[in-house]
Every structure is written in structure tokens, then in C-alpha cells.
Amino acid sequence: MEKVNFVWDSHYRCNFRCPYCWFDKTWDEMDKLNKYPPLTEMIALWDRLYDMYGECHLMVTGGEPMLYPNFIELIEAISKKHTVKVTCQLSGDMFTFARKLNPERVRLDMNFHPLESKLEPFIKKVLYLYKYGFKGGVCYLAYPPNMDKIQYYDDIFKKHGIVMALAAFHGEYGGKHYPDAYTKEEREMMLPYLGDMDRQKYHLEGRKTKGKLCRAGHIYASIKADGTVTRCGPLSNKPIGNIFDPNFKLHDKPMPCEAETCPCDEYKWIVDEER
Ligand code: SF4
Ligand code: SF4
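The structure reproduced in this document is the subject of the present report.

About the criteria used
- Residues numbered from 1 in each chain as written.
- Chains lettered and ligands numbered in written order.
- Predicted model: local features only at pLDDT ≥ 70, side-chain atom pairs only at ≥ 80, totals over all residues.
- Heavy atoms only, no water.
- Helix = DSSP H or I, 4+ residues; strand = E, 2+ residues; numbered from the N terminus.
- Buried < 20%, exposed > 50% of the residue type's maximum accessible area, 1.4 Å probe, protein only.
- Contact = heavy atoms within 4.5 Å.
- Polar contact = N/O pair within 3.5 Å; in protein donor to acceptor, adjacent residues only side chain to side chain.
- Salt bridge = Lys/Arg side-chain N within 4 Å of Asp/Glu carboxyl O.
- Near = heavy atom within 4 Å.
- Nonpolar A, V, L, I, M, F, W, Y, C, P; charged D, E, K, R; others polar.
- Pairing = 2+ DSSP bridges.
- Axes fitted to C-alpha atoms, helices over the stretch in contact; angles between N-to-C directions.
- Parallel < 35°, antiparallel > 145°, perpendicular 65-115°, else oblique.
- Left-handed = near helix turned anticlockwise from the far one by under 90°.

1. A short note on the environment of phenylalanine 97
On the secondary structure map, phenylalanine 97 appears in helix H4 (residues 94-100). Take phenylalanine 97: its relative accessible area is 0%, and that puts it in the buried class. Distance in space between the C-alpha atoms of phenylalanine 97 and tyrosine 132 is 9.8 Å, their sequence separation being 35 residues. Excluding residues within four positions of it along the chain, phenylalanine 97 makes contact with Met66, Phe71, Ile72, Val86, Val106, Leu108, Leu129 and Phe134.

2. Let's talk about the environment of histidine 11
Among the structural elements, histidine 11 can be located in the loop between strand S1 (5-9) and helix H1 (27-31). Residue classification places histidine 11 among the buried positions, given a relative accessible area of 0%. For the pair histidine 11 and glycine 62, spaced 51 residues apart in sequence, the C-alpha to C-alpha distance is 5.3 Å. For histidine 11, the residues in contact, after removing those within four places along its chain, are Asn34, Tyr36, Gly62, Gly63, Glu64, Pro65, Leu67, Tyr68 and Ala225. Side chain to side chain, histidine 11 and tyrosine 36 meet in a polar contact 2.8 Å long.

3. Some details on the pattern of salt bridges
According to the stated counting rule, one finds 14 salt bridges in the structure shown. Linking glutamate 2 and arginine 215 is a salt bridge whose minimum nitrogen-to-oxygen distance equals 3.1 Å. Of the two residues, glutamate 2 is situated in the segment before S1 and arginine 215 in the loop between strand S9 (213-214) and strand S10 (220-223); the sequence distance between them amounts to 213 residues. With relative accessibility at 48%, the residue glutamate 2 sits in the partly exposed group.

4. Let's talk about the side chain of histidine 218
Mapped onto the elements, histidine 218 comes out in the loop between S9 and S10. Residues within four places of histidine 218 in sequence aside, it is in contact with Met1, Leu250, His251, Asp252, Lys253 and Pro254.

5. Observations regarding the site of ligand 2
Lining the immediate environment of ligand 2, one finds Thr209, Cys214, Ala216, Arg231, Cys232, Pro234, Leu235, Cys257, Ala259, Cys262, Glu266 and Ile270. Here the shell around ligand 2 is built from residues that sort into nine nonpolar, one polar and two charged.

6. Here's the deal with the site of ligand 1
Neighbouring ligand 1 are Cys14, Phe16, Cys18, Cys21, Trp27, Gly63, Gln89 and His113. When grouped by side-chain class, the residues that make up the shell around ligand 1 number five nonpolar, three polar and no charged.

7. Focus on the sheet that holds strand S6 (residues 164-168)
Reading across from one edge, S6-S5-S4-S3-S2-S1-S10-S11-S12 is the order of the nine strands in this open sheet, with mixed pairing throughout. What marks the edges here is a single partner per strand, and that holds for S6 and strand S12 (239-242). Between one strand axis and the next, the sheet turns through 25° on average, direction left out of account. One ladder, built from five bridges, connects strand S5 (residues 138-142) with S6; its direction is parallel. Across the sheet, residue valine 138 finds its bridge partner in S6, namely methionine 164. Sheet contacts for helix H6 (residues 150-159): S5 and S6; angle to S6, the most-contacted strand, approximately 150°. Lying on the sheet, helix H7 (residues 184-194) is in contact with S5 and S6; it crosses S6 at an angle near 120°.

8. Section: the packing of helix H2 (residues 39-53) against helix H3 (residues 71-78)
Put simply, H2 and H3 touch, their axes get as near as 10 Å, and they point 30° apart. With respect to H3, the element H2 is oriented roughly parallel. You can see that H2 and H3 cross each other, and the crossing is right-handed. Residue-level contacts link Leu39, Met42, Ile43 and Trp46 of H2 to Glu73, Leu74, Ala77 and Ile78 of H3. Looking at side-chain class alone, the contact of H2 with H3 contains seven nonpolar, no polar and one charged residues.

The following block contains the structure:
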């Protein structure tokens, strides 16, 4: 069986307040979903998943994962059995993170949020992480008011040997709906930063996915902070179980997509011949 991948929304707390955040205006409500079992229970949970599926790949997001209690200790334990990717904004103690975790087992997605982050300390942390063997580029959201600074930040990151990628904004801004509202010029400017053609089709053009056979739910699943498991982000209102339930298991085969579009990178779970 192919390696199983999980995305885990560790918790819905963050020390930043980015206006484009999924959780903007719902932080208090989302906070009620947060669940903080003792460290030993969390380690046992990931041991159970190891016994069921072997070595999995865990992608940790949030909120800001670095604010999750005992986060570094937890990832240190989990990464002995599974590979891990942490998406974070580097405001936490990345120095301890760099020293304690194994870059062969733990990867980083580093998001730069220009309205909240300070550039210099951010770069300092990225370079420190590189020194300890961590790899990975920096991601910048093409949020309409931040578009004019893309080149500026890219130039600075490049000078330090840091690769910057863009993510397209999906949401409302200035009475317009994005990504549809990006102009032709903006799209052309963004293309080199968006990567492969599939990413462009699903990210920027909102390609329809309903009915396509997809392995989300079979070898990939999304775990919410309260343990609810869904096939993927776009189907977050259709739970397939709860990770804290000892009887939880994934679907035993790919299933048709039930969402209209797939705006995150999860489109990659669509079964190849059905794309
Ligand atoms: S850093 Fe991430 S989780 Fe925190 S407010 Fe910004 S977008 Fe949201
Ligand atoms: S295509 Fe996207 S939205 Fe549809 S099931 Fe797969 S991951 Fe979910």
C-alpha cells in the first residue's frame, strides 16, 4: 500500500491576525474545537496509526502549530515512526526546533506573512534552520493588497539563497472573488511562482472536480483539532470518523469527489487516469 498521508490541524490558535486567514473572525468559535490530550496520549495515537498503516507522512498545520503544547517533544516522538512536515510562520522558537529535530524526518513549509511578520528575524530563523540541515522555501500569499511587494520580497529572499513560492488567494477582497478576479497581468506575473501546470489549473482556474475518482479518504485524510477526520479540506463538512476513536480507519478504496472544486493542493489525490 502507498504511504498514507494525514494533514493535522493541530489547533486553532495563532499569535498573528492575518486578514486573509481561514479563521479570521471565527477564532473564538474555532477555539472551542481545540483539544489538548496529554503528550503520552498523542504519542500513543500516532503509534496506533503506525501499527495500522506503517510509516505515514504527517503534515501539521493550524493555527500556528508551534503554539501547540509540547510541540517540539511531540514531533520529536512522532518523527521516529512517521515523516512530518510542519507548516508554520516562524514566530516560535525555531532555534530549539532546529537543534532538537531531525531534518531527515521533519520538513518545514515556512509562510511569510508581511502584515504580521518582521522580515529580518524571519530570514535569520530560515538561515538558522538551513544551518541545521532543514530545507524548504518560503511561501507568500498573493493577497491583492500584498501583490505589489512580491518582487521586492522575492529579491531579498533570493539574496539569502531562499526560494519564494506564491499561493493564490481564494476568497473575497474589494468586492471581488479571487482567484477569478486576478487580472491577466497578475496571472502572468504569478505563473513562474506557482510551479507545475496542475497547480495552476486547480489553484488559479478553480477546475471542477466533482465525480472524479479520488484517493482522499483512502490514502490521505484531514484531521481537525477535535479529532474529526474528513477526506480533505473541501469536504470538511463530511466527517468520515474521529482519530481519537480507537476503531477509526480509512476508506479501503478511492471514492468519487463530492466537492465542486479543489482549491488547495489536495487535487493531487485524484486518481491519475481520471484527471
Ligand atoms: S499565521 Fe496563518 S494561522 Fe496565523 S493568522 Fe496568519 S494565516 Fe492564520
Ligand atoms: S478532488 Fe479534492 S475535493 Fe475532491 S475528494 Fe479529492 S481532495 Fe477532496
